Amino acid sequence: MKKIFLLLTVLTSCGLIAQTNKTVRPGEKFVYAASYNMSGLMTQLAQVTMETETVKTSKRTLLHLRCEATTYSKWDSFFKIRDIYESYVDPITLKSNLYKRDIFEGKYTKKEKYIFKSDGRTIESTVNKKNMPETKKTFQINPGSQDVVSILYKLRTIDFSTYKPGQIKSFSVVFDEKEMGVSAKFLGKETLNVGNLGKKVCYKISIGAKTNKLRGTDKNIIYLTADQARVPALIQFSIPVGTGQLTLTNAKGI
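Everything numeric here is computed off the predicted structure, so don't read it as measured data.

Q: Can you lay out the overall build of the protein for me, pointing to particular residues and giving the numbers?
A: Scanning the protein from N- to C-terminus turns up three helices and 14 strands. Per element, the accessible surface of the protein, about 12300 Å² overall, is 50% carbon and sulfur.

In structure tokens form, the structure reads like this:
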């Protein structure tokens, strides 16, 4: 499941810096069935839930973005997953303020916290891994780089109706305390069955990255509904250990 969220990081990095949020709202809830190709059959293994809410601090109002992945109970004995990814962002710009990651995958556990400093170039990170001492460090990033969760949502602020097939954008995203160079290619539109939303025309985006974690040409795809909400409808991924997808089953609050 960690690789699925890495994919989401890559999939959502499409020319994001100057966008203003007029799309993402508090109170959204998207539920996905996560499937993996097992012996030639796409088998549902887990549920992924994405939610938004408003959070007020003593100084400001933030938008809390939360993604949770949980294996279905019948698969827990095989490979139990309990992952939570969170981001606290400015509700207008979706600029990252705080990122938290808490993953439990089989016998592997890891907790991360990133504090994005006001200069836009510095992150203070705290990392805890199972049976390892806590580590803290400060590292530099390029202006406009964001965490995996906030960039996933910021993708939805882009008006892909102005894009031409084959148009490519290149940028960087932060994952595992590193920046990653990625590219996103707009492929056009397709009509899909989108959970409780019914049939929808969707934007189709192909992802490339300078990493060995994604495989194939035009094999890593995200579909966004071609409307004002731009809901992630389907995500297809190809990684070294196989292929899979996240399929939207229910959307609320849009």
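There's plenty left to go through after this.
Q: Let's hear about the side chain of glutamate 86: which residues, and what values?
A: Looking at the secondary structure, you find glutamate 86 in strand β4 (residues 82-89). Nearest to the buried, unbridged glutamate 86 among oppositely charged side chains is arginine 66, at 4.1 Å. One polar contact links glutamate 86 to histidine 64, side chain to side chain, over a distance of 2.8 Å. Other than its neighbours up to four places away in sequence, glutamate 86 contacts His64, Leu65, Arg66, Leu98, Tyr99, Lys100 and Val149.

Q: Could you give an account of the packing of aromatic side chains, with specific residues and numbers?
A: Under the criterion given, the structure shown has eight aromatic pairs. Each ring, one from tyrosine 114 and one from phenylalanine 139, has its centre 6.0 Å from the other, and the planes form 85 degrees; the classification is edge-to-face. Residue tyrosine 114 is found in strand β6 (residues 108-116), and its partner phenylalanine 139 is found in strand β8 (residues 135-140); the two are separated by 25 residues along the sequence. Side by side, tyrosine 114 and phenylalanine 139 carry an identical accessibility label, which is buried. Aromatic pair phenylalanine 160 and phenylalanine 186: ring centres 6.0 Å apart, planes at 10 degrees, arrangement stacked.

Q: Residue-level account of the pairing of strand β1 (residues 29-38), with values.
A: Taken together, the eight bridges between β1 and strand β14 (residues 242-252) define a ladder with antiparallel strand orientation. By the bridge assignment for β14, valine 31 is matched with asparagine 250. In this structure, β1 lies alongside strand β2 (residues 41-56), joined through ten bridges in antiparallel fashion. What sits directly across from serine 35, in β2, is glutamine 44. Here β1 hands over to β2 after two residues, with serine 39 in that stretch at a positive phi of 55 degrees.

Q: Outline the pattern of salt bridges, supporting the account with residue identities and numerical values.
A: Enumeration over the complete set of coordinates arrives at 13 salt bridges. The salt bridge partner of aspartate 176 is arginine 101, with a shortest N-O separation of 2.7 Å. Taken as a pair, aspartate 176 in the loop between β9 (168-175) and β10 (178-193) and arginine 101 in strand β5 (residues 96-105) lie far apart in primary sequence, 75 residues in all. Glutamate 112 serves as the salt-bridge partner of lysine 110, at 3.7 Å between the closest nitrogen and oxygen. What makes lysine 110 buried here is its relative accessible area of 7%. On the accessibility criterion, glutamate 112 (4% relative accessible area) is buried.

Q: A description of the nonpolar core should follow, citing residues and the corresponding values.
A: Core analysis: the biggest nonpolar cluster contains 57 residues, and Tyr32, Val149, Phe160 and Ile205 have the highest contact counts within it. Dropping the residues within four chain positions of it, valine 149 is found in contact with Leu65, Cys67, Tyr85, Glu86, Ser87 and Tyr99.

Q: Report on unusual backbone geometry, specifying residues and quantitative values.
A: In this model, aspartate 176 sits at a positive phi of 55 degrees, which is unusual for a non-glycine residue. The exposure class assigned to aspartate 176 is partly exposed, which follows from its relative accessible area of 26%. Unlike most non-glycine residues, glutamate 177 shows phi in positive territory, near 60 degrees. Within the element layout of this structure, glutamate 177 appears in the loop between β9 and β10.

Q: For the environment of alanine 46, give the residues involved together with the corresponding values.
A: Among the secondary structure elements, alanine 46 is positioned in strand β2. Spatially, the C-alpha atoms of alanine 46 and aspartate 76 are 9.6 Å apart, while their sequence positions differ by 30 residues.

Q: Could you give an account of the pairing of β4, with specific residues and numbers?
A: Of all eight residues in β4, six are buried; the element is thus mostly enclosed. In terms of strand pairing, strand β3 (residues 61-71) meets β4 through eight bridges, oriented antiparallel. Within the sheet, the bridge partner assigned to threonine 70 lies in β4 and is arginine 82. As defined by bridge partners, β4 adjoins β5 across six bridges and the pair is classed as antiparallel. Note that in β5 the partner of valine 89 across the bridge is serine 96. The antiparallel hairpin formed by β4 and β5 contains six residues in its connecting segment, where leucine 94 sits at a positive phi of about 60 degrees.

What counts as what
Residues numbered from 1 in each chain as written. Predicted model: local features only at pLDDT ≥ 70, side-chain atom pairs only at ≥ 80, totals over all residues. Heavy atoms only, no water. Helix = DSSP H or I, 4+ residues; strand = E, 2+ residues; numbered from the N terminus. Areas by Shrake-Rupley, 256 points an atom, 1.4 Å probe, with all protein chains shown as cover. Buried < 20%, exposed > 50% of the residue type's maximum accessible area, 1.4 Å probe, protein only. Lys, Arg positive; Asp, Glu negative; His and termini not counted. Salt bridge = Lys/Arg side-chain N within 4 Å of Asp/Glu carboxyl O. Polar contact = N/O pair within 3.5 Å; in protein donor to acceptor, adjacent residues only side chain to side chain. Contact = heavy atoms within 4.5 Å. Phe/Tyr/Trp six-rings, centres within 6.5 Å; stacked < 30°, edge-to-face > 60°. Pairing = 2+ DSSP bridges. Core = buried A, V, L, I, M, F, W, Y, C linked by side-chain atoms within 4.5 Å.

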